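Structure at a glance
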Amino acid sequence: SSHGPGNTGAMIAPEMLAQLQRLKIWDKLKKGELHTITRDNVVDLYNVLDQEERGEITKDDLYMLRSVPGMALSEGDVDALASDCDKDGSGKISVDELFKALTQGELAFNLVKEALGKNQKSVDEKSLHLEKVIGYLDDDYETRSALWSMPQTLVLFGAFLALISIRLDLSTAYQMQAGLLNEIEGEGPPYLHDHEWAIVHDVPTLWQWMGSSFVTLHFKNQDSELPLFPYPGRVASYNQIVGGIQLIKTQVLSPEPCLQGEVLSLAYDSHDGNCHRSGDTEDVSEFLFYHEKPEYIYERIGNLSRDGWIDQNTTKFDANTLFYNAHLKAFTHCNLTFSFVENGLIKIRIEMETFLAEPYYEKGWIFFDAVFAIILLKMFYQESRELIPAVKKGMDGVRNYFEFWNVVDWVSIVWGAVVITYWGMICAMVGGSLQEKISAMPIKDLDALVYGNSTYLTPENIETVISRPDFEQQIREVHETSYAISSLHETLRTLTFWYSFVLMMKFFKAFQANPRLDIVIRTLTKSAVEIIHFLIVFSTIFLCFSSAAYVVFGNRIKGFKNQYQALFMCWRILMGEFDVDDMELVNYYLTFVWIVSFQFMVLLILLNMLLAIIMDTYVAAKGEAGEPTEQLTIWTQVKDACYTLKETKGHISPYTILLSLQDEDYPAHPAPIVTAKSLRRAFQNQMSKHQAEYIMRKTVQWIKSKDQEVELGLTDSIRLLSLLKVNILRGVDETGQILSIMKESQTADQRATYDAIMAGEEP
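The structure presented is a predicted model; accordingly, all values stated were derived computationally and were not measured.

1. A word on the nonpolar core
- Within the largest apolar cluster, 67 residues are counted, with the highest numbers of intra-cluster contacts made by Val200, Trp209, Met210, Phe214, Leu247, Phe317 and Phe338.
- Residues within four places of Phe317 in sequence aside, it is in contact with Leu206, Met210, Leu247, Ile248, Lys249, Trp309, Ile310, Leu336, Thr337, Phe338 and Phe340.
- Counting residues in each nonpolar core, the second largest holds 27 residues, with Leu20, Trp26, Val42 and Val48 among its members.

Below, the structure written as structure tokens:
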């Protein structure tokens with residue numbers, strides 16, 4: 001039969017059809033990889049079409065390609081190929097003409113454009129594939145969820161900032177602790193530590209400091225000083241000691257044998273070979289009252305020193321004090337700790353935790369508590385509305401629901417609830433048990449005796465008001481309660497520290513709604529794999545350097561005394577914080593080798609490689625986001641979202657529809673093709689006609705927008721070069737044809753002039 005542009009092609013023999021389908025050229029055409037098509041590929045195609053082995057083919061032979069099922073070429077492509085092959089109009093096509101048409105003609109141009117996604121695909125707006133509808137609903141749900149979480153997260157973060165400023169009130173904490181710390185460290189001489197006249201380095205010097213500076217800084221109770229310091233128990237003018245000071249020693253009950261051989265054990269302790277710091281421990285307390293005369297306080301401390309209250313079996317000694325500052329409306333639990341470590345040194349720590357005495361004294365500040373709690377409840381309600389339908393759909397729904405960003409939402413809800421719980425416990429203990437225990441103490445009566453007698457009290461004077469054991473028990477209970485509150489308060493600060501990072505993740509989720517804001521998280525996501533592999537190399541090299549530093553400097557420099565601290569010290573050195581002089585004192589040569597190699601390898605090479613990875617990914621992510629003029633601004637997006645809310649009022653929740661369509665066991669719409677009518681039937685006519693048509697219309701828009709998105713990789717870049725080559729070669733070919741025509745025209749004119757002259761005619 002005849003073949004031509006109007007026909008669909010002749011019937012092909014099964015043998016020839018099988019040969020055509022086995023050709024490698026089709027895969028290359030489908031992928032748009034025209035640059036990989038070789039002349040041998042074209043020869044294989046040519047030989048199959050030339051069944052009669054004439055050494056040439058015609059357009060009719062090419063038209064047979066229309067009948068090959070699953071081929072990469074449409075009828076229009078075949079027509080364009082035939083037209084490009086027979087530019088001279090001879091009707092005969094050679095191998096070279098076919099190769100040129102396939103790699104440089106109109107067909108090549110169209111295939112490269114299609115492979116890059118530049119050809120707009122037609123979309124049937126009445127019937128769509130189910131996977132496309134699910135894709136649109138999923139993308140729309142993620143975008144809406146992220147967009148509407150932004151104002152919610154902003155309000156939550158604002159309330160969080162207000163609460164940590166008001167409820168933790170670290171400015172007040174700093175003021176109170178700075179005053180106390182200055183008094184503790186600055187009282188002297190002798191000084192406690194961190195001073196050229198500091199003396200505390202063993203037990204005798206500890207008792208020397210306790211019997212001098214410790215007493216004078218806490219107890220301004222000389223009778224002669226009463227007019228100068230008219231308020232008993234005040235430290236740094238405004239910080240009132242509550243009751244007294246509790247001295248606590250942690251003592252080993254019965255030393256155990258040293259974990260070493262008998263010879264060395266006896267060499268250490270020839271009496272019984274025991275190690276003093278091993279075994280069960282107990283806490284033993286003594287108390288100092290600020291109402292007592294100074295001579296009795298000095299006598300008590302002297303007796304403790306002489307009686308060997310602190311001995312070889314003491315592991316730790318604490319001086320606990322609870323201060324109250326009415327001007328700052330805060331308590332500070334102060335714990336002065338002396339730890340007796342195995343190397344013979346005394347490790348001195350001053351630990352303080354400040355908490356508000358009356359958290360809700362200013363009633364107006366409760367507004368921020370209410371806002372924070374309401375936002376958390378609203379988030380809980382919103383997430384529960386999505387979680388409950390997901391659970392009803394079984395494991396499929398639960399798996400689909402608990403993707404990363406929903407987990408972040410639940411972590412922020414639960415963590416926020418834990419923060420509120422801890423704050424409630426602190427308020428209950430401060431306003432309840434602590435104040436009850438303080439009110440039970442006879443502080444007012446004892447102060448009245450001091451004021452009335454114009455002198456501080458003897459133990460007998462105190463006994464007239466309360467027995468010493470009872471007063472000691474009251475102080476112990478107050479300190480136990482304040483210590484419990486301090487521990488809760490410190491935990492609360494730790495929780496708020498980590499909650500800041502949880503809220504940062506909430507912001508990252510919200511930023512996903514807008515490409516201008518999402519650039520950071522997209523950069524980190526896309527570079528994650530490269531960064532992980534880089535960190536494997538970086539960690540290995542970094543560990544080698546830290547181990548080398550630990551071995552060389554660990555015996556002399558505190559920052560390298562163990563592997564953990566050596567790692568942190570190496571990081572500080574990497575950031576520029578280190579003292580090379582101390583390192584040089586240990587070993588000058590090895591310090592030079594280590595510093596130079598560490599700075600060169602880790603700082604100059606590895607860190608710059610990391611920056612290169614991130615910047616390269618950032619540029620790619622910014623390119624994918626498109627030109628700034630093509631991106632929606634956040635305010636335009638919010639305006640569109642508000643309009644969408646108005647348009648979709650009364651619609652079934654898109655998330656409910658998505659879950660029903662994705663249910664693998666009982667899908668709401670099992671058919672692969674979706675229409676507006678089939679959508680309404682799938683949801684038993686609960687879905688309005690307007691919503692069904694809205695979903696179809698929006699899905700079509702989503703498909704078209706996705707078709708326009710092109711992501712270029714290395715292969716795509718090669719395709720672009722191929723496309724450029726095709727266009728250039730086409731231009732060269734057309735230019736050559738034009739030049740040939742012009743040359744022939746010029747030659748014809750010259751020949752006509754020459755013939756006229758030779759014929760004796762007027763040219």
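2. Let's talk about the environment of Gln208
- Relative to the helices and strands, Gln208 is located in helix H10 (residues 203–218).
- Under the relative-accessibility criterion, Gln208 is labelled partly exposed at 48%.
- A C-alpha to C-alpha distance of 8.4 Å links Gln208 and Pro190, two positions 18 residues apart in sequence.

3. Things to note about the pairing of strand E4 (residues 244–252)
- Of all 9 residues in E4, 9 are buried; the element is thus mostly enclosed.
- Bridge count for E4 against strand E7 (residues 281–289) is 9 bridges, and the pairing is antiparallel. Of the residues in E7, the one forming a bridge with Ile248 is Ser285.

4. Overview of a nonpolar patch on the surface
- Taken together, the side chains of Tyr589, Leu590, Phe592, Val593 and Val596 present a nonpolar region at the surface, about 490 Å² in accessible area.
- By the element assignment, Leu590 lies in helix H22 (residues 588–625).
- We classify Leu590 as partly exposed; its relative accessible area is 34%.

5. Brief notes about the environment of Asp79
- For Asp79, the position within the fold is in helix H5 (residues 75–85).
- C-alpha separation for the pair Asp79 and Arg66, spaced 13 residues apart in sequence, amounts to 9.5 Å.

6. Looking at the packing of helix H1 (residues 14–21) against helix H3 (residues 39–49)
- The interhelical angle for the contact between H1 and H3, taken along N-to-C directions, is 170 degrees, at an axis separation of 10 Å. Accordingly, the angle class assigned to the pair H1 and H3 is roughly antiparallel. Side by side, H1 and H3 meet where Met16, Gln19 and Leu20 of the first sit next to Leu45, Val48 and Leu49 of the second.
- Split into classes, the residues belonging to the contact of H1 with H3 amount to 5 nonpolar, 1 polar and no charged.

7. Observations regarding empty space enclosed by the protein
- Going through the model one piece at a time under the given rule, you end up with 1 cavity of 30 Å³ or more.
- Space inside the largest cavity adds up to approximately 30 Å³.
- If you go around the largest cavity, the residues you meet are Phe214, His218, Ala319, Thr321, Cys334 and Leu336.
- Sorting the residues of the lining of the largest cavity by element identifies H10, strand E8 (314–325) and strand E9 (330–340) as the ones contributing at least two each.
- For the lining of the largest cavity, a count of residues per class yields 4 nonpolar, 2 polar and no charged.

8. Some points on the side chain of Asn406
- Of note, Asn406 is situated in helix H15 (residues 404–439).
- Note on Asn406: relative accessible area 2%, which makes it buried.
- Once residues lying within four places of it in the same chain are set aside, the contact partners of Asn406 are Tyr141, Glu383, Glu386, Tyr401 and Lys509.

9. Quick notes on the pattern of salt bridges
- On inspection of all chains with the given rule, the structure shows 13 salt bridges.
- The partner of Glu353 in a salt bridge is Arg493, with the nearest N and O atoms 2.8 Å apart. Here Glu353, found in strand E10 (residues 346–356), pairs with Arg493, found in helix H18 (residues 468–511); they are 140 residues apart in sequence, far enough to count as distant.
- Judged by relative accessible area, which is 7%, Glu353 ranks as buried.
- Note that Asp409 is salt-bridged to Lys509, the shortest N-O span being 2.4 Å.

10. Things to note about the packing of aromatic side chains
- Counted by the stated rule, this structure contains 30 aromatic pairs.
- Centre to centre, the rings of Phe497 and Trp498 are 5.0 Å apart; their planes meet at 80 degrees, and the pair counts as edge-to-face.
- Relative accessible area serves as the criterion here: at 45%, Phe497 is assigned to the partly exposed category.
- For Trp498, a relative accessible area of 46% corresponds to the partly exposed category.
- In this structure an aromatic cluster arises from ring pairing among Phe534, Phe538, Phe542, Phe545, Trp571, Trp594 and Phe598.
- Geometry around Tyr231 places Arg234 over its ring, the cationic atom sitting 4.6 Å from the centre.

Conventions used here
- Residues numbered from 1 in each chain as written.
- Predicted model: local features only at pLDDT ≥ 70, side-chain atom pairs only at ≥ 80, totals over all residues.
- Heavy atoms only, no water.
- Core = buried A, V, L, I, M, F, W, Y, C linked by side-chain atoms within 4.5 Å.
- Buried < 20%, exposed > 50% of the residue type's maximum accessible area, 1.4 Å probe, protein only.
- Contact = heavy atoms within 4.5 Å.
- Helix = DSSP H or I, 4+ residues; strand = E, 2+ residues; numbered from the N terminus.
- Pairing = 2+ DSSP bridges.
- Patch = residues over 30% accessible without salt bridge, like charges linked within 9 Å, V, L, I, M, F, W, Y side chains within 5 Å.
- Areas by Shrake-Rupley, 256 points an atom, 1.4 Å probe, with all protein chains shown as cover.
- Salt bridge = Lys/Arg side-chain N within 4 Å of Asp/Glu carboxyl O.
- Axes fitted to C-alpha atoms, helices over the stretch in contact; angles between N-to-C directions.
- Parallel < 35°, antiparallel > 145°, perpendicular 65-115°, else oblique.
- Nonpolar A, V, L, I, M, F, W, Y, C, P; charged D, E, K, R; others polar.
- 1 Å grid on protein atoms, 1.4 Å probe; cavity = no way out; pocket = protein on both sides within 12 Å on 5 of 7 lines; lining within 4 Å.
- Points joined across faces, edges and corners; volume = space filled by probe spheres on them.
- Phe/Tyr/Trp six-rings, centres within 6.5 Å; stacked < 30°, edge-to-face > 60°.
- Lys NZ or Arg CZ within 6 Å of the ring centre and 35° of its normal.

That is the geometry; function is a separate question.
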